[in-house]
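Chain by chain, the residues run as shown.
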Amino acid sequence: MIGFHIKKRLNTSLGETQFQFDFEIQKESFTAIYGESGAGKTSLLRMISGLMKPDDGTITYNGKVWFDQKKNIDLHTGQRKVGFVFQDYALFPNMTVLGNLKFALSKSADPVIIDSVIDITDLGELKSKMPDTLSGGQQQRVALARAIVQQPELLLLDEPLSALDTVMQQKLQDYLIKVHKEFKLTTIFVTHDITQIIKMADQVMILESGKVVKAGKPTVIFGQSLSGKFKLSGRVLDIYAEGVINIASILIGKDVIKVVISGTDPLSIGDEVVVASKAFNPIVQKVGE
Amino acid sequence: MIDWQPIILTLQLALVTTVILFFLSIPMAYKLAFTQSSLKPIFEALVSMPLVLPPTIVGFYLLLTFSPNSTIGYWLNNNFGINLAFSFEGLVVGSLIYSLPFMVQPLQAGFSKISVKLIEAAQTMGRTNWEILIRVILPNIKPSIITAVVLSFAHTIGEFGVVLMIGGNIPGETKVASIAIYDEVEAMNYGAANTYSVILFALSFLILVFIYSINKGSFKSINS
């Protein structure tokens, strides 16, 4: 279990903000951190990993103190059992894919882990390639594999899928869920994509100007009180009146669907929404191979 | 046939200077690139002073320092038997100072260009700063390293003022090519002066062509 109780004053895109985080995260959970830019999402990951020093407070992991301002404890990032996947991947350009993975292996670790990570992330054919010859999705997979080779107990991902197209995002989400389960990781990932959160996370924390304003199950937080059996999340592209009704175009995945909305819905273009239905008969059909 | 000794001595001086300077400059450039200190501009100015000072000023003060009558010169001579004035070792020390900015500046620029994320990624893997320097930073700033090394080497070849002040004109000890040219001109020996000049000209030209072709290659690989 991670206990995180810190204060930090930071300059963000929204000006100087006083961050104050108090929360606990259960072992082997998959937690999403959601919030606008400047809310402190990335800083939060950096403080957990030891790349940024909080001004005050404590960080504990499974009873072990990683940071305690009063006792002057600040464990070096290499001594905390974290794997960090950076937003721009940060692969070492001078090393092959295999070289990147080997560099991440700690000296006391069994190299067998490299083979099993390569297996799970399907990197076999890319082993001897240099990072700058890989596509964005492949680089992301290498970055994920490299973090796993470190055998972390805590996996931190900073907007890991934001630079990828929708199809690639789906694939990587599957890889992420796979490694999370396979290696019994505690995973924390930063995102501003509700779809990803609903698909992967078992809890979500919403940050606003340096504080956790809401936390809980994603379906509860984003689905509010609906008990719909069929639920999709998307973004409002357009709202227009047609006769006596209003219609919203909503982007769900790659598809745009049109939904009738009531005139009193306080929706505006750009909103993240959940589209749900309680009673209807969806037709499920296998897509032609 | 000309005397090849000044050319060989020049290359020896350039080689020794470049090798020592490389190892001295890596930590200096590293500190300068990553320091947050408010004194940084002062250190940067100090390193760059030899760029703007007339070489004769550098040479003059070095000569005073090296002289057996000065405290440092006396101490070196008394304790280690080293006499830096009018000796090859003195030329090396002079060249180290004179070529310092040519080594430090490209290295510092290279260090500054390295993405902090790469360093942080290596830190989360529990790597020491030394391992990160050797295995991540240096291999990724190869063009800067090559530029720094080659420029320092070339600049040391072209040195004249400092060498003349602290080294004089002792054949086989301090008579480098640029001094030999001056010497031959003084003796109205224009043919020999011309030969030395052509050799130095060709050498410098080749070195610069080498740097520019290396850098062009690195830009290509970044763009692709």
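Presented here is an overview of the structure given in this document. (Residues numbered from 1 in each chain as written. Chains lettered and ligands numbered in written order. Predicted model: local features only at pLDDT ≥ 70, side-chain atom pairs only at ≥ 80, totals over all residues. Heavy atoms only, no water.)

Looking now at the environment of M1 of chain A. All names here are of chain A. Along the chain, M1 turns up in the segment before strand 1 (2-12). Take M1: its relative accessible area is 37%, and that puts it in the partly exposed class. In this structure, the C-alpha to C-alpha distance between M1 and N62, residues 61 residues apart in sequence, is 4.9 Å. Sequence-distant contacts of M1, defined by excluding residues within four places in its chain, comprise E24, I25, Q26, K27, T60, Y61 and N62. (Helix = DSSP H or I, 4+ residues; strand = E, 2+ residues; numbered from the N terminus. Buried < 20%, exposed > 50% of the residue type's maximum accessible area, 1.4 Å probe, protein only. Contact = heavy atoms within 4.5 Å.)

A few words now on the interface of chain B and chain A. Each side of the interface is counted separately: chain B has 16 residues, and chain A has 23 residues. When chain B packs against chain A, close to 1,700 Å² is buried across both sides, 59% of that on carbon and sulfur atoms. Of all residues in chain B, T124, M125 and R127 of chain B give up the largest surface area on contact with chain A, accounting jointly for 36% of the area buried on that side. Between the two partners, chain B and chain A, sit 2 salt bridges. Across the salt bridge formed by K107 of chain A and E131 of chain B, the nearest N and O atoms sit 2.8 Å from each other. Across the contact surface, chain B and chain A share 7 residue pairs in polar contact (both at pLDDT 80 or more). If you list the elements that add at least two residues to the side of chain B that touches chain A, you get helix 6 (116-124) and helix 7 (129-140) of chain B. Tallying contributions element by element places helix 6 of chain B first for the side of chain B that touches chain A, with 7 residues. (Buried area = accessible area lost by both parts, 1.4 Å probe. Salt bridge = Lys/Arg side-chain N within 4 Å of Asp/Glu carboxyl O. Polar contact = N/O pair within 3.5 Å; in protein donor to acceptor, adjacent residues only side chain to side chain.)

What follows concerns the sheet that holds strand 7 (residues 82-85) of chain A. All names here are of chain A. What the 6 strands build is an open sheet, ordered 7-8-9-3-10-11; its pairing is mixed. Edge positions in the sheet fall to strand 7 and strand 11 (211-216), since each of these pairs with one other strand and no more. Within this sheet the neighbouring strands show an average axis-to-axis angle of 20°, counted without direction. Across 5 bridges, the pairing between strand 10 (residues 203-208) and strand 11 is antiparallel. Across the sheet, residue V204 finds its bridge partner in strand 11, namely G216. The strands touched by helix 1 (residues 41-49) within the sheet are strand 3 (30-35), strand 7, strand 8 (154-158), strand 9 (186-191) and strand 10, with strand 8 carrying the most contacts at an inclination of about 150°. (Pairing = 2+ DSSP bridges. Axes fitted to C-alpha atoms, helices over the stretch in contact; angles between N-to-C directions.)

Attention now goes to the sheet that holds strand 4 (residues 56-61) of chain A. Residue and element names in this part refer to chain A. Taken in spatial order, the 5 strands of this open sheet run 2-1-4-5-6, and their pairing is antiparallel. Looking at the sheet topology across the chains shown, the edges are occupied by strand 2 (15-25) and strand 6 (73-74). Note that strand 4 and strand 5 (residues 64-68) share 4 bridges and pair antiparallel. Within the sheet, the bridge partner assigned to I59 lies in strand 5 and is F67. Its contacts with the sheet put helix 1 on strand 1, strand 2, strand 4 and strand 5, and the angle it makes with strand 1 is roughly 125°.

Take helix 1 of chain A next. All names here are of chain A. The buried fraction of helix 1 is high, at 8 of 9 residues. The set of residues buried in helix 1 consists of K41, S43, L44, L45, R46, M47, I48 and S49. Directly beyond the C-terminal end of helix 1, a positive phi value near 90° is found at G50.

This part covers the nonpolar core. Grouped together as the largest cluster of nonpolar side chains are 122 residues, with contacts concentrated most on F4, F21, F92, L144, L155 and I188 of chain A together with F111 of chain B. Residues in contact with F92 of chain A, not counting those within four places in the same chain, are N100, F103, P131 and R146 of chain A together with L118, A121, A122, M125 and V136 of chain B. Ranked by size, the runner-up nonpolar core spans 15 residues in total, among them A14, A154, A193 and I211 of chain B. (Core = buried A, V, L, I, M, F, W, Y, C linked by side-chain atoms within 4.5 Å.)

In this section: the environment of P50 of chain B. Residue and element names in this part refer to chain B. If you trace the backbone, P50 turns up in helix 2 (residues 40-52). The exposure class of P50 is buried, given its relative accessible area of 9%. Separated by 136 residues in sequence, P50 and E186 place their C-alpha atoms 28 Å apart. Once residues lying within four places of it in the same chain are set aside, the contact partners of P50 are I97, Y98 and P101.

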